[in-house]
Every structure is written in C-alpha cells, then in structure tokens.
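One letter stands for each residue in the lines below.
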Amino acid sequence: MKVDALKKSFTKDIKGAQDVKSLEAVRIKYLGRKDGQLTKILKSLKNLSVVQRRKIGPEANALRQEIEKALNERLGIFVVKQQHLDIDVTLPGKKIPIGHLHILTQLENEVRDIFSRLNFSVVEGPEVETEYYNFDALNIQSGHPARDMWDTFWLNQPVVVPTTDNDKKLLRTHTSPMQIRFMEKHKPPFQIIVPGRVFRYEATDASHEINFHQIEGLMVGNGVNLANFKYVIETFLRQLFGADIEIRFRPSYFPFVEPGLEVDIKLSSGQEKLIASRKSEWLEVMGAGMVHPNVFRAVSYDTNKIQGFAFGVGLERLAMIKYKIDDIRLFHSGDLRFINQF
Ligand code: FA5
C-alpha cells in the first residue's frame, strides 16, 4: 500500500477508535512490530532502489511520527476521561487541615481577658532568672528550708568573672520573681498579672509537671487588703468556671507573703479518675497572700504606707478543671488526638 493511502486509512481508523483497547488495535495495525502496515513499508525500504528510497523513506518516517503523535494524543484523552469516570463528584471535598491555638494558649487568653476587665495590666518576664529574683528578693534566703519547696533547674555557667552567690542562673521555678522586677521599675498603685512558663525539677504525676504555666497576680496600693484579694479571686474564678464553682481558701505558708493561703476548687462529676488518683475532691489551684514587708523592703517601698496581695495560679490546673482532664501530662504530650479536641 502506498504511504498516502495508508495515511488516509489511518485517519479513518483512529477516528473510529472509541476506547483504549481499540486504540491499541489501531497501533498494532499500523506500527505492530511484525505485521504493522507501516512497519512493513519501513522494513522494505532497504530493498528499494536509491531513487525510490529517497522518495518513500522520508514520507514513511514522517507518517510514523504522525501516527505516534495522533495515537498518544487520543490515548491522553481517554485516560483523562477514565479518571473523570473514577471521580465521585458527590463525595464531600477533602478538608485542608488548619492549625489552631493550643488549649493552654486559649485558656491563657481567656484569663488575660478576665483580668483586663478587672483593670489589671498584663506583663511578662524572663524564663531564665537569677537566684536573686527567684529566691533572695522574695525573702527566701539561701539555706532557707522553703527553697526545698521549689526543686530547681540550675544552669551551668562558665565562671569567667567571679559571680556573687545570688547571680547564679536558673530556670524560674515560679512567676513570682516578676513581682520584684516590676516593683523595681514602678511606683504603686498598680495591679498586674504575669502569665508565663515555669520549671521544676520534680517527679511528675497526674497533677504535677516539670514544665507548666503560672499566672502571677500582684495588686499594690494604699490599703489593699485580704478582702480585696478574695473579691478579685472569686470574681475571676466564677467568670472562668461559672457561678456554681465551689472555692476553698486555706491557710498556708510562703516566705514572701504574710499571711499566706492557698485556694482549692472542688472537682465535680466526670473527674472521678483524678479524684481517685489524688485521693481528694479538692484540687489546689493557687498560692497567695499579703505581700511580706521584706519583699517591699527589697524594692525600697515604704512598708508603712503600702500594702498588697499576690497570687500564683497554675494554668494547667485551671484547664484540668474547666475541661475535665484527668492527667496534666497530656498537655505537652503532643498527642493530636488530645489537642484536636479543643
Ligand atoms: C508558688 O509557686 C508561689 N509562687 C505562689 C504564690 C504567689 C504564693 C504569690 C504567694 C504569693 P506553688 O508552688 O504552690 O506556689 O505553686 C502555685 C500553683 O502552681 C499551684 O497551686 C498549682 O496550681 C501550680 N503548680 C505547682 N506545682 C505544679 C506542678 N508541678 N505542676 C503543675 N502545676 C503546679
């Protein structure tokens, strides 16, 4: 068959091919390795005279390229069509996962909002502290037995310049050092909260972490008293948990307050596991008290004129109560099954 005639018959055949299978049959008919009609012409070229070969050779090769191109194009159309058939357009679209704020960040924002409405300012401080701010200035002298209350991560420091004892660096064990830093720079009256990360070198359990968050509170002025503290804390806790929450104020001891107290919240139904592991229905959420005169002396305040209250509340503990979480270690577990619930 002449090349021209072959081209015509191919054009007709490829139009008739309606699926991948019949397209393959067309390919074999023309380009099949053994019996393809164009293959045969190409193979016979070597038997032709030079003149004929010069004429037919380029024509046949051009047709081969044309056929290959046409077959590939048509195959592409069939494949796309097939893919469309495989798509169920009634299926819901795939959701693109969007990140969100961690539960502790969400709760911290809520706490910030409540205190802002009570006219407290929000300040922050360093996580790496000195022994002076974390302990000494808070009336916890070295050798004071109360230092044992805060097991400390001390930082290794190259001794380049000999340091005085209380310049030693540590990871803050509470947010209370910011009481000193703030009072060094400001004059009363003021009321602040200080949210932040704290660190303790201690054994973990369902309600204790080595790395957790506190929110320090400090209100200082002329005549600030324990009744003011009670009002602020009850307002805060009722706004956070609802009016029905049961609160308990208990005497306690911290060297930087006098008198000192602790605040507990009664756990409710749904927290049986936590109640069992703690062997108590009450969960301590904060330490507090009236600022000790020695703390005011450390920042050169006139202790005859100035009074204040301070507190340090555990953010994870608040979250455990609000969301009925039985184990504090879940917060930093990185377990998305937990994190995505909030
Ligand atoms: C303090 O850290 C004091 N700085 C609080 C304070 C501030 C007292 C101002 C007086 C005046 P305490 O070690 O009790 O106190 O910790 C305070 C709160 O942090 C606790 O009530 C608890 O809610 C939380 N907390 C303490 N230890 C842990 C821990 N290991 N894991 C999780 N939360 C903790």
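Parameters and conventions
Every chain begins its residue count from 1, and numbering advances along the sequence as written. Only residues with pLDDT of at least 70 are given local features in this predicted model, and only at 80 or more are side-chain atom pairs given and counted; all residues enter the totals for whole chains, interfaces and linings. Hydrogens and water molecules were not included; the side-chain quantities draw on all heavy atoms of the structure. Working definition: helices are DSSP H or I runs of at least four residues, strands are E runs of at least two. Numbering for both runs from the N terminus. Computation of the radius of gyration draws on C-alpha atoms, with the globule rule given as 2.2 Å multiplied by the number of residues to the power 0.38. We call a residue buried when its accessible area falls under 20% of the maximum for its residue type, exposed when it is over 50%, and partly exposed in between, using a 1.4 Å probe and counting protein chains only. Contacts between residues were defined by any pair of non-hydrogen atoms, one from each residue, lying within 4.5 Å. Computed with a 1.4 Å probe, the accessible areas rest on the Shrake-Rupley method; for each residue, only the protein chains presented here act as cover. Charge assignment in this entry is limited to Lys and Arg as positive and Asp and Glu as negative, and neither His nor the chain termini are counted. Lys charges are placed at NZ, Arg charges at CZ, Asp charges at CG and Glu charges at CD. A carboxyl oxygen of Asp or Glu within 4 Å of a side-chain nitrogen of Lys or Arg is what we treat as a salt bridge. For each residue, the test is whether any non-hydrogen atom lies within 4 Å of the molecule or strand; if one does, the residue is near. Any pair of N or O atoms that falls within 3.5 Å is considered a polar contact. Within protein, one atom must be able to donate a hydrogen and the other to accept it, and sequence-neighbouring residues count only if both atoms are side-chain atoms. Criterion used throughout: strands pair if DSSP finds at least two bridges between them. Expected span, for any helix, means 1.5 Å times one less than how many residues it has. Note on definitions: angles span 0 to 180 degrees between N-to-C directions of axes, and those axes are lines fitted to C-alpha atoms, for helices only across the stretch in contact. If an angle is under 35 degrees, it is roughly parallel; if it is over 145, roughly antiparallel; if it lies from 65 to 115, roughly perpendicular; otherwise it is oblique. Under this grouping Gly is polar, as are all residues other than the nonpolar Ala, Val, Leu, Ile, Met, Phe, Trp, Tyr, Cys and Pro and the charged Asp, Glu, Lys and Arg. What counts as a domain boundary in this text is fixed by an automatic or database domain assignment. Note on terminology: a nonpolar core comprises buried Ala, Val, Leu, Ile, Met, Phe, Trp, Tyr and Cys residues joined through side-chain atoms within 4.5 Å.

### Overview of the overall build of the chain
At step 1: From N to C terminus, the chain includes twelve helices and nine strands.
At step 2: In terms of overall size, the chain is more extended than a compact globule, its C-alpha atoms giving a radius of gyration of 40 Å where 342 residues would be expected to give roughly 20 Å.
At step 3: Across the 342 residues in the chain, those meeting the buried criterion constitute 42%.
At step 4: Considering only contacts within the chain whose residues lie at least 6 apart along the sequence, 67% involve residues at least 24 apart.
At step 5: Total accessible area on the chain is roughly 19600 Å²; 54% of this is exposed by carbon and sulfur atoms.
At step 6: Looking at the chain, you have 48 positive and 42 negative side-chain charges, and the mean spots of the two groups are 17 Å apart.

### Comments concerning the pattern of salt bridges
At step 1: Applying the stated rule across the entire model yields 17 salt bridges.
At step 2: A salt bridge links Glu108 to Arg112, with the shortest nitrogen-to-oxygen separation between them at 3.0 Å. With a gap of four residues between them, Glu108 and Arg112 both fall in helix 5 (residues 103–117), about one helical turn apart.
At step 3: Residue Glu108 is classed as buried on the basis of its relative accessible area, which comes to 16%.
At step 4: Of the charged contacts, one joins Lys322 and Glu110 as a salt bridge, the two residues approaching to 3.3 Å between their closest N and O atoms. In this pair, Lys322 sits in helix 11 (residues 315–322) while Glu110 sits in helix 5, placing the two residues 212 residues apart along the sequence.

### A short note on the site of the ligand
At step 1: Close contacts around the ligand come from 27 residues, with His174, Ser176, Arg200, Glu202 and Glu284 the closest.
At step 2: Separating an oxygen atom of the ligand from a side-chain N or O atom of Gln214 is a distance of 3.1 Å.
At step 3: Within the backbone of Met286, an N or O atom sits 3.2 Å from an oxygen atom of the ligand.
At step 4: Contact with the protein chains covers 96% of the free accessible surface of the ligand, which is 670 Å².
At step 5: Those elements giving two or more residues to the shell around the ligand turn out to be strand 5 (211–221), strand 7 (257–266), strand 8 (282–291) and strand 9 (307–314).
At step 6: Considering every element that reaches the shell around the ligand, the biggest residue donor is strand 8, with five residues.

### A closer look at the sheet that holds strand 8
At step 1: The sheet built from seven strands is open, its strands ordered 1-4-5-9-8-7-6 with mixed pairing. Only two strands of the sheet have a single neighbouring strand rather than two, namely strand 1 (121–122) and strand 6 (247–252).
At step 2: Pairing between strand 8 and strand 9: five bridges, direction antiparallel. Pairing of Gly289 across the sheet is with Ala310, part of strand 9.

### Structural notes on helix 8 (residues 226–241)
At step 1: In this model, helix 8 (16 residues) spans 22 Å end to end at C-alpha, consistent with the 22 Å of a helix rising 1.5 Å per residue.
At step 2: Buried residues of helix 8: Phe229, Val232, Ile233, Thr235, Phe236, Leu237, Leu240 and Phe241, and no others.
At step 3: Looking at the buried residues of helix 8, the elements they touch are helix 5, strand 6, strand 7, strand 8, strand 9 and helix 11.
At step 4: Looking one or two residues beyond helix 8, the residue adopting positive phi is Gly242, at roughly 105°.

### Observations regarding the packing of helix 8 against helix 11
At step 1: Two elements in contact, helix 8 and helix 11, have axes whose closest approach is 11 Å; the angle formed by their N-to-C orientations is 45°. One finds that helix 8 runs oblique with respect to helix 11. Together, Phe236, Leu237, Leu240 and Phe241 of helix 8 and Leu318, Ile321 and Lys322 of helix 11 make up the contact between the two elements.
At step 2: Tallied by class, residues from the contact of helix 8 with helix 11 come to six nonpolar, no polar and one charged.

### Quick look at unusual backbone geometry
At step 1: Cis geometry is found at the peptide bond from Pro188 to Pro189, where omega equals 5°.
At step 2: Inspection of the secondary structure assignment puts Pro189 in the loop between helix 7 (177–185) and strand 4 (190–199).
At step 3: Cis geometry is adopted by the peptide bond preceding Pro259, which originates at Glu258 and carries an omega value of 0°.
At step 4: Looking at where Pro259 falls in the secondary structure, it is placed in strand 7.
At step 5: One non-glycine residue with positive phi stands out, namely Asn139, at about 70°.
At step 6: Within the element layout of this structure, Asn139 appears in the loop between helix 6 (131–134) and strand 3 (169–171).
At step 7: Residue class for Asn139 comes out buried when judged on its relative accessible area of 15%.

### With respect to the domain arrangement of the chain
At step 1: If you check the domain split of the chain, you get domain 1 (3–85) and domain 2 (103–339).
At step 2: On a C-alpha basis, the centres of domain 1 and domain 2 stand 83 Å from each other.

### As for the nonpolar core
At step 1: In terms of nonpolar packing, the biggest core is built from 45 residues, with Phe229, Leu237, Phe309, Phe311, Leu318 and Phe331 touching the most fellow members.
At step 2: At seven residues, the largest contribution of residues to this core is made by helix 8.
At step 3: Excluding its chain neighbours within four sequence positions, the residues that come into contact with Phe311 are Phe115, Ile193, Ile215, Glu216, Gly217, Phe229, Ile233, Met286, Gly287 and Ala288.
At step 4: Grouped together as the second largest cluster of nonpolar side chains are 28 residues, Tyr133, Met178, Val295 and Phe296 included.

### Focus on the pairing of strand 4
At step 1: Across the ten residues of strand 4, nine count as buried, placing the element largely inside the fold.
At step 2: Of the pairings in the sheet, the one linking strand 1 to strand 4 comprises two bridges and is parallel in character. The residue of strand 4 that forms the bridge with Val122 is Ile193.
At step 3: When strand 4 meets strand 5, the two strands line up antiparallel, connected through ten bridges. Considered in strand 5, the bridge of Phe190 is made with Val220.

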